[in-house]
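# Overview (structure and organization)
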Amino acid sequence: MKASFAPPAAAASIALALAAAAHTQSDRTSDTKTAIKEDAKTVGHRIAHSARTVGLAVAEKTRPAREAIKEDSKKAGHAVAHGARRVGKAVKETAQKTKESVRGKSDEPQPKN
């Protein structure tokens, strides 16, 4: 789901443009500045509320996918760990066999017949 921030942004632009136009037509600059500030603040709050609502909706809709990825990652990690243990045992056993075969020949005294 793609969030569209175009309508709130357009509303903010229009509000600011109207406030600016009112500012140029009016002699009461402090009242206009206050009105512009309040309008901008209101528009900002509306945009923030919309963004929060969209963000929460996206988070809720993607929860099943996130949980599936989490479980798959755990399974993959366990499989890698199991494979590493198997390889480690195989290497250890092979090293022991090699060591025993080399030692068996050099450590044994030659029989005297």
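Above: the structure in question.
Residues numbered from 1 in each chain as written. Predicted model: local features only at pLDDT ≥ 70, side-chain atom pairs only at ≥ 80, totals over all residues. Heavy atoms only, no water.

What follows deals with the pattern of salt bridges. Between side chains of opposite charge, pairing is possible as soon as their charged atoms come close. Here the structure, examined in full by the defined rule, presents one salt bridge. A salt bridge links Arg63 to Glu60; its shortest N-O distance comes to 3.4 Å. Remark: Glu60 and Arg63 occur in helix H2 (residues 29-107); sequence separation between them is three residues, near one turn of the helix. With relative accessibility at 42%, the residue Arg63 sits in the partly exposed group. (Salt bridge = Lys/Arg side-chain N within 4 Å of Asp/Glu carboxyl O. Helix = DSSP H or I, 4+ residues; strand = E, 2+ residues; numbered from the N terminus. Buried < 20%, exposed > 50% of the residue type's maximum accessible area, 1.4 Å probe, protein only.)

Further remarks concern the environment of Ala12. Along the chain, Ala12 turns up in helix H1 (residues 6-25). The exposure class of Ala12 is buried, given its relative accessible area of 12%. For the pair Ala12 and Asp39, spaced 27 residues apart in the sequence, the C-alpha separation amounts to 8.3 Å. Beyond its immediate stretch of four places on either side in the chain, Ala12 contacts Val43 and Ile47. (Contact = heavy atoms within 4.5 Å.)

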